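# Topology and contacts: notes
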2 protein chains.
Amino acid sequence: MPEETPSQTIAHLLETLQAALREGNAAKAAALFGEDGYWRDLIAFTWNIKTLEGRDQICAMLQSQLPQLGPIQLRPDPDETPSQADGVTQGWILLETAVARGKGYLRLRDGKIWTLLTTAAELKGHEEPKGVNRPRGAVHGVHTQRRTWKEEREAEARELGYQQQPYCLIIGGGQGGIALGARLRQLGVPTIIIERNERAGDSWRKRYKSLCLHDPVWYDHLPYIPFPENWPVFAPKDKIGDWLEMCAKVMELNYWGSTVCKSASFDEATQKWTVVVEREGKEVVLQPTQLVLATGMSGKPNVPQFPGAENFRGDQHHSSRHPGPDPYRGKKVVVVGSNNSAHDICAALWENGVDVTMLQRSSTHIVKSDSLMELALGDLYSERAVASGLTTGKADLLFASIPYKVLPSMQKQVFDKIRERDADFYRRLEEAGFLLDFGDDDSGLFMKYLRRGSGYYIDVGASELIAEGKIRLKSGVDVKEIRAHSILLSDGSELPADVIVYATGYGSMNGWTADLISHEVADKVGKCWGLGSATTKDPGPWEGEQRNMWKPTQQPALWFHGGNLHQSRHYSLYLALQLKARMEGIPTPVYGLQEVHHLR
Amino acid sequence: MPEETPSQTIAHLLETLQAALREGNAAKAAALFGEDGYWRDLIAFTWNIKTLEGRDQICAMLQSQLPQLGPIQLRPDPDETPSQADGVTQGWILLETAVARGKGYLRLRDGKIWTLLTTAAELKGHEEPKGVNRPRGAVHGVHTQRRTWKEEREAEARELGYQQQPYCLIIGGGQGGIALGARLRQLGVPTIIIERNERAGDSWRKRYKSLCLHDPVWYDHLPYIPFPENWPVFAPKDKIGDWLEMCAKVMELNYWGSTVCKSASFDEATQKWTVVVEREGKEVVLQPTQLVLATGMSGKPNVPQFPGAENFRGDQHHSSRHPGPDPYRGKKVVVVGSNNSAHDICAALWENGVDVTMLQRSSTHIVKSDSLMELALGDLYSERAVASGLTTGKADLLFASIPYKVLPSMQKQVFDKIRERDADFYRRLEEAGFLLDFGDDDSGLFMKYLRRGSGYYIDVGASELIAEGKIRLKSGVDVKEIRAHSILLSDGSELPADVIVYATGYGSMNGWTADLISHEVADKVGKCWGLGSATTKDPGPWEGEQRNMWKPTQQPALWFHGGNLHQSRHYSLYLALQLKARMEGIPTPVYGLQEVHHLR
């Protein structure tokens, strides 16, 4: 008998799994997984973002959810060809529940499921008007008193938030708010985005002037309007700002610039929020059903309280307020910190002839941008990936299909290669006194990003300046005291300083919750971001998904959205569908609502 | 012996043709064409936009051009599969000359070439920075005194036109100017676009409020940034306006709004233009090498000089200045004309309760929008075409591959089907007194557009209002005299009127040449648009291509660009490459510069 093809293997497995699910036999379905099998679900089965690890967790989830999901359909995606290599058979799948359609990805090992990704991509009966279902625009035929597109847009802009309440309010109009707002607009969910800056894109424009994206273009697309093929690999901040402003306009978002949130409270009785905002100086009270904080995944600027800071005679500011090098020619600048912003700021200062010292208090992970692009991102996000037919959407799902538990060991292999390839570079940095790390378990940049959102620099040139001693480096010390014209360090030395830049990062996103809503609600939802990996700045227990991001929280109707452009693009889909389903009254039985283990 | 496959047939023919071309044997190459064979060239061989009709013309062209083109390469496009049906074998080809690379399309009949399209898509050594060659954006490494993207853009915007002269000046910043400007920016040709309106897109925003595109979205994409998949089929004018403004910004065009051209003259000695413009009220003198008029293919508004017009007591204006129905409630409005604008304006007036009469002076071609989409455009530009893998670029080339001589008979078949399908609709219109035509040779809308750019309405509802008598119709009459409160008609009847709208079309584009440069230069270049088809408003002799559009004219360094969104997109490529080649000093031997047979 001829051996089964990968297509047959995938098809048979899916048939068997579908049959078990339709029988409502959770144990039988779970038994199709290997003992170390994973099921990652993006809202299709769990109305949550959830990874089930091992048969017991899978079985428990199915026991809970199957009775509520209706008949499940699972089949190989007919447009894709499964493959087999290194003992793993893998392929794309299509799935349907009673209320949703989606895609997924399956990996088999030794005849059992190793990883299964399931996602919802659209809600039945609420498909987005696009492609063959795009709107007509001009309404042909004869309609007395018809309003033009412009008149309707203007009426909506005038009335929403005043005569009519939005279903959803998004606080924060960066890439996160805009990507989510675009999806909600497409789904017909009345939404207002508020942003303290005047124009969409200002949150990028107002950063230090040398800032460029550290991630390459293929990884950065926003939904609906991909960057054109002439877009730079690493876009400068002002160009990104213009693009975001254009997206907000073209996607017809209700974007309130120059608007700050003063307070927000949830009324248990009406199940609505009361949010007081100040729009261009005037108070407006909004009563949305859903509230999304998209205030930047990095949360509030974290400025350390050093003794004596009030005595400093020069200019001192957090990196988020750093204007760039121009005002500081001829001055001595000390940058406290050694992550991305610190490096960018130091390099721009040095390039403009400023005497600059980096104060490195703890070790930092450094990876050269080219190595990151070629070895870590290139298979999924690159011109090569595009040429091989890997669309951004498919790349996002492949990336999402690796369970977070499995990711570190895969990432370690990548970063081991990078260490080898760039060994000379790392040696020279260490010889200059720079304290290097590759993460607690040597798993490198992505895991640091997912676990703590900090602790690294993607090198685009500053490391060379450090290796050559052009950016002065003071490492392995802490600040003991700030004096009028200097910083006293823990080793007893004293650094003269006219300017101090605190490139000291950001706090947890739920710092905003405490400020805008209450400490009580902030504590109820707990820490945002991180996986519970029990590594530095990401305490255990293991949670398996990023805390509170894009999924239900312990506070009903409160959501967190954010992350880099990739995450803003991809996870905004699942958050938008969760909100749309609630607006439409589609049942959304949440499985495994996260518990709170940490407050901040 | 097995029969040749279509792929083999195409490959053999191309080998033979390439060999003849490389030998410099024009006669041998021409003999590969049928007696009624056509070669349409978009700048690759002729540095012109030119259709050679029959072997003699083809032979003459090759005799002139081959010595200057270097070795020609011709081969089947390896990414495409040739096909055979109805006795025609056809397929995509790739070509190279010494200086350019391009695509083409070949049709064979009875073993001979029936039609050959050749195009240049890029100049060797001057490929556009996109895809794998996209710019890096952030310049990694260390650069003292580096300028940011924003600083460079601001410096360019400040200096171009003042300290530095643009190589190219485009007068008119509608879709034509913007599409061409985007391509020139990509090719590194320093260019300024001037536009009398304040903002890009205003030329759409300022039209009557009910205006929507009459062509569907798939036909309307601009270069580089295609409309997203949620874009309406028929975009409202203000949405198109916003999109154009976004394109101008994102493509980094040097777009001078609120700027009018006062005069332009060409200095034979320096071979440069001197163009006086008024920018936001201040005079600026520009000295571009190339001048492009992109002032709208329709040229200047054509207002008929009716006797007594000065006595009219009400509001009278050309359709280009019509504000829409709002100011005219309760008034009697007469719209003179029966083409697109006349219909749109009448329908919007009727929908708003205005008493409106259409004055039809001569017959009009009407085609229902749905029929046009399904039967005329659908194979090339539709969701169906996209799903079949027909990209916009490929559709444009297929469309361009049909010689204008052959097009009417093909189009007649399409419009015969439409007449049959919509027979009842046409009968009802005629019963209401409407004068219908399908063009002098029944070839329908596209030919009318290409020949005269007027004489039709794409029905999106107004025809029903006419058939039902809701829009009053007075047809087959002319205006004898305008009186204080009425219009006296040639049949002796008198139409009461509070408002007269002249939906009477536009003159030739070179009306602008006369105004901005001189009558002498306008006469030297002659009439723009039209094919010389010897049909109404398109006098012979036959010219085979649209007069003066996107190609060299009798006035060195003067170019005309324009047309609908499709033409602005597609032909801007060839015009941009012609300008780039001249800037780079690449030889551009023009074959068959058009002769002037008509002045306006």
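Only a predicted model underlies this, so the values are computations on that prediction, with no experimental measurement involved.

As a further point, take the overall build of chain A. Helix and strand counts for chain A come out as 18 helices and 26 strands. Taken over the C-alpha trace, chain A has a radius of gyration of 25 Å; the compact-globule value for 600 residues is 25 Å, and the two agree within 12%. Once the C-alpha set of chain A is aligned to its principal axes, its extents read approximately 75 × 70 × 50 Å. The burial tally for chain A puts 59% of its 600 residues in the buried class.

Attention now moves to the relation of the copies chain B and chain A. Mapping chain B onto chain A calls for a screw motion: a turn of 180° about the axis and a shift of 0.0 Å along it, with 0.0 Å RMSD after fitting. Given the turn and translation reported, the copies of this chain are related as if by a two-fold rotation axis. Considering only C-alpha atoms, the residue of chain B closest to the rotation axis is methionine 246 of chain B, which sits at 3.0 Å. Mapped onto chain A, 100% of the interface residues of chain B are again interface residues, and the two copies thus contact each other with one and the same surface.

With 57 residues of chain B at the contact, the number on the chain A side is 57 residues. Summed over both sides, the interface between chain B and chain A buries roughly 5,100 Å², with carbon and sulfur atoms accounting for 59% of that surface. In this structure, the connection of chain B to chain A is made through 12 salt bridges. Linking aspartate 242 of chain A and lysine 249 of chain B is a salt bridge whose minimum nitrogen-to-oxygen distance equals 3.8 Å. At the surface where chain B touches chain A, the tally comes to 22 residue pairs in polar contact (both at pLDDT 80 or more). Its residues assigned to classes, the side of chain B that touches chain A comprises 25 nonpolar, 14 polar and 18 charged.

Residue and element names in this part refer to chain A. With 12 residues, helix α5 (residues 175-186) extends 17 Å from end C-alpha to end C-alpha; this agrees with the ideal 16 Å at 1.5 Å per step. Here α5 lies mainly inside the structure; 11 of its 12 residues are buried. For α5, every residue scored as buried is listed here: Gln175, Gly176, Gly177, Ile178, Ala179, Leu180, Gly181, Ala182, Arg183, Leu184 and Gln186. Downstream of α5 by one or two residues, glycine 188 has phi in the positive range, about 75°.

Now for the sheet that holds strand β13 (residues 272-279) of chain A. Adjacent strands of a sheet form backbone hydrogen bonds with each other and so pair up, either parallel or antiparallel. All names here are of chain A. Within the open sheet, the three strands sit side by side as β12-β13-β14. Their pairing is antiparallel. Both outer strands of the open sheet, β12 (259-267) and β14 (282-286), are each paired with one neighbouring strand and no more. Here the average twist between neighbouring strands, direction ignored, is 15°. Note that β12 and β13 share eight bridges and pair antiparallel. Residue pairing in the sheet places threonine 259 in a bridge with arginine 279 of β13.

Looking at chain A, the pLDDT average stands at 95 and 98% of residues meet or exceed 70. Scored as a complex, the prediction yields pTM 0.94 and ipTM 0.92.

In this section: the environment of isoleucine 93 of chain B. Residue and element names in this part refer to chain B. Note that isoleucine 93 resides in strand β5 (residues 88-96). Judged by relative accessible area, isoleucine 93 falls into the buried class, the value being 0%. Distance from isoleucine 93 to leucine 573, taken between C-alpha atoms, is 18 Å for residues 480 residues apart in sequence. With residues up to four places along the chain from it excluded, the contact list for isoleucine 93 reads Leu14, Leu74, Arg75, Pro76, Asp77, Gly102, Lys103, Gly104, Tyr105, Leu106, Leu116 and Leu117.

In total, this model carries 96 salt bridges over all chains according to the counting rule given. Taking the shortest distance from any N to any O, the salt bridge between glutamate 431 of chain A and arginine 427 of chain A comes out at 2.7 Å. Linking glutamate 431 of chain A with arginine 427 of chain A, this pair stays in helix α13 (residues 423-431), spanning four residues, or about one helical turn. Among the ionic pairs, aspartate 326 of chain B bridges to lysine 209 of chain B, the shortest N-O distance being 2.9 Å. Highlighted residues: aspartate 326 of chain B in the loop between β16 (315-318) and β17 (332-336) and lysine 209 of chain B in the loop between α6 (202-205) and α7 (237-250), separated in sequence by 117 residues. Overall, aspartate 326 of chain B belongs to the partly exposed group, its relative accessible area being 36%. Put simply, Arg199, Asp202, Arg205, Asp242 and Glu245 of chain A together with Lys249 of chain B are held in one network by salt bridges that share partners.

Now for the packing of aromatic side chains. Counting across every chain of the model gives 38 aromatic pairs over all chains. When the centroid spacing of 5.7 Å and the interplanar angle of 15° are considered together, the rings of phenylalanine 33 of chain A and tryptophan 39 of chain A count as stacked. Here the two residues phenylalanine 33 of chain A and tryptophan 39 of chain A agree in accessibility, since each one is buried. In this structure an aromatic cluster arises from ring pairing among Tyr449, Trp529, Trp550, Tyr571 and Tyr574 of chain A. One cation-aromatic arrangement involves arginine 279 of chain A over tryptophan 256 of chain A; the distance from NZ or CZ to the ring centre is 3.9 Å. The aromatic ring of phenylalanine 425 of chain B is capped on one face by lysine 368 of chain B, whose charged end is 4.3 Å from the ring centroid.

A separate point is unusual backbone geometry. Between glycine 540 of chain A and proline 541 of chain A the backbone carries a cis peptide bond, its omega angle lying at 5°. Summarising the element assignment, proline 541 of chain A is placed in the loop between α17 (519-525) and β26 (558-560). Even without being glycine, tryptophan 529 of chain A reaches a positive phi, approximately 75°. Positionally, tryptophan 529 of chain A belongs in the loop between α17 and β26. Positive phi values are uncommon outside glycine, yet tryptophan 550 of chain B reaches one of about 65°. Owing to a relative accessible area of 2%, tryptophan 550 of chain B belongs among the buried residues under this scheme.

Another point: the packing of helix α9 (residues 369-377) of chain A against helix α12 (residues 407-421) of chain A. Residue and element names in this part refer to chain A. Where α9 meets α12, the axes come as close as 10 Å, and the angle between the chain directions of the two elements is 140°. Classified by chirality, the crossing of α12 by α9 is right-handed. Where α9 approaches α12, its residues Asp370, Ser371, Leu372, Glu374, Leu375 and Ala376 are matched on the opposing element by Val414, Phe415, Lys417, Ile418 and Arg421. Its residues placed into classes, the contact of α9 with α12 shows six nonpolar, one polar and four charged.

Residues and elements named next belong to chain B. Across the interface, helix α5 (residues 175-186) lies against helix α18 (residues 565-583) with an axial gap of 8 Å and an inter-helix angle of 40°. Classified by the angle their axes make, α5 and α18 are oblique. At the point where α5 passes α18, the crossing takes the right-handed sense. Packed against α5, whose contacting residues are Gln175, Gly176, Ala179, Leu180, Arg183 and Leu184, the element α18 presents Leu565, Ser568, Arg569, Ser572, Leu573, Leu575, Ala576 and Leu579 at the interface. Across the contact of α5 with α18, the residue classes tally to eight nonpolar, four polar and two charged.

Let us now look at the sheet that holds strand β25 (residues 499-502) of chain A. Residues and elements named next belong to chain A. A sheet is described by the order of its strands in space; here five strands give the open sequence β16-β25-β17-β18-β21, paired in parallel fashion. This sheet does not close on itself; its edge strands, each paired only once, are β16 (315-318) and β21 (472-475). In this sheet, neighbouring strand axes are inclined to one another by 15° on average, regardless of whether the strands run parallel or antiparallel. Looking at chain direction, strand β17 (residues 332-336) and strand β18 (residues 355-360) are connected through five bridges and run parallel. Each residue of the ladder has a partner; that of valine 333, found in β18, is valine 356.

Looking now at the state of the cysteines. Residues and elements named next belong to chain B. Here the structure, examined in full by the defined rule, presents zero disulfides over all chains. For the unlinked cysteine cysteine 212, the closest cysteine sulfur is that of cysteine 346, found at 17 Å. Given the relative accessible area of 15%, cysteine 212 is considered buried.

Assignment of secondary structure puts cysteine 212 of chain B in the loop between α6 and α7. C-alpha separation for the pair cysteine 212 of chain B and arginine 472 of chain B, spaced 260 residues apart in sequence, amounts to 23 Å. Each residue touching cysteine 212 of chain B, except ones within four places of it in the same chain, is listed here: Ala138 of chain A together with Phe234, Ala235, Pro236 and Lys237 of chain B.

So, about the pairing of strand β1 (residues 33-42) of chain B. Two faces, one strand: in a regular strand the side chains alternate between the faces of the sheet. Residue and element names in this part refer to chain B. Burial analysis of β1 places eight of its 10 residues in the buried class, which makes it a mostly covered element. Sheet topology note: the β1/strand β7 (residues 112-119) ladder contains six bridges and is parallel. Counterpart to tryptophan 39 in the pairing with β7 is leucine 116. In the sheet, β1 pairs with strand β2 (residues 49-53) via five bridges, with the strands oriented antiparallel. From the neighbouring strand, leucine 42 faces β2, where its bridge partner is isoleucine 49. The turn joining β1 and β2, which pair antiparallel and follow one another in sequence, is formed by six residues; a positive phi near 65° is taken by isoleucine 43.

Each value, and the rule that gives it
Sequence positions are assigned chain by chain, starting from 1 and proceeding in written order. Ligands are numbered from 1 and chains lettered from A, in the order in which they are written. Where totals are concerned, whole chains, interfaces and linings use all residues; where local detail is concerned, this predicted model gives features only for residues with pLDDT of at least 70, and gives and counts side-chain atom pairs only at 80 or more. Side-chain descriptors were evaluated using all non-hydrogen atoms of the structure, hydrogens and water having been removed beforehand. Numbering of helices and strands runs from the N terminus; a helix is a DSSP stretch of H or I covering at least four residues, while a strand is a stretch of E covering at least two. We compute the radius of gyration over the C-alpha atoms and compare it with the globule rule, which gives 2.2 Å times the number of residues raised to the power 0.38. Three labels apply to residues, based on accessible area from a 1.4 Å probe with only protein chains included: buried if under 20% of the type maximum, exposed if over 50%, partly exposed otherwise in between. Overlaid copies result from least-squares superposition on C-alpha atoms, with residues included only where pLDDT is at least 70 in both. Residues are treated as being in contact if the distance between any of their heavy atoms lies within 4.5 Å. A 1.4 Å probe defines the accessible area here, and the buried area is the portion of it lost by two parts on being joined, summed over both. Throughout this description, the term salt bridge denotes a Lys or Arg side-chain nitrogen within 4 Å of a carboxyl oxygen of Asp or Glu. Nitrogen and oxygen atoms within 3.5 Å of one another constitute a polar contact, given that in protein one can donate a hydrogen and the other can accept it, and given that sequence-neighbouring residues count only through two side-chain atoms. Lys, Arg, Asp and Glu make up the charged group, whereas Ala, Val, Leu, Ile, Met, Phe, Trp, Tyr, Cys and Pro make up the nonpolar group; the residues left over, Gly among them, are polar. Take the residue count of a helix, subtract one, and multiply by 1.5 Å to get its expected span. Whether two strands pair depends on DSSP finding at least two bridges between them. Every angle, taken between N-to-C directions, lies between 0 and 180 degrees, and every axis is a line fitted to C-alpha atoms, over only the stretch in contact when it is a helix. As a per-residue quantity, pLDDT reports the predictor's confidence and falls between 0 and 100. Put simply, two rings from Phe, Tyr or Trp (the six-membered ring, in Trp's case) pair if the centres are within 6.5 Å, and we call them stacked under 30 degrees between planes, edge-to-face over 60, tilted for the rest. Charges are assigned to positions over rings by a cutoff of 6 Å between ring centre and Lys NZ or Arg CZ, combined with an angular limit of 35 degrees from the ring normal. Throughout, a crossing is termed right-handed when the near helix is turned clockwise from the far one, and left-handed when it is turned anticlockwise from it by less than a right angle. Geometric relationships in this document are graded by angle, where less than 35 degrees denotes roughly parallel, more than 145 denotes roughly antiparallel, 65 to 115 denotes roughly perpendicular, and other angles denote oblique. Two cysteine sulfurs form a disulfide in these notes if their separation is within 2.5 Å.

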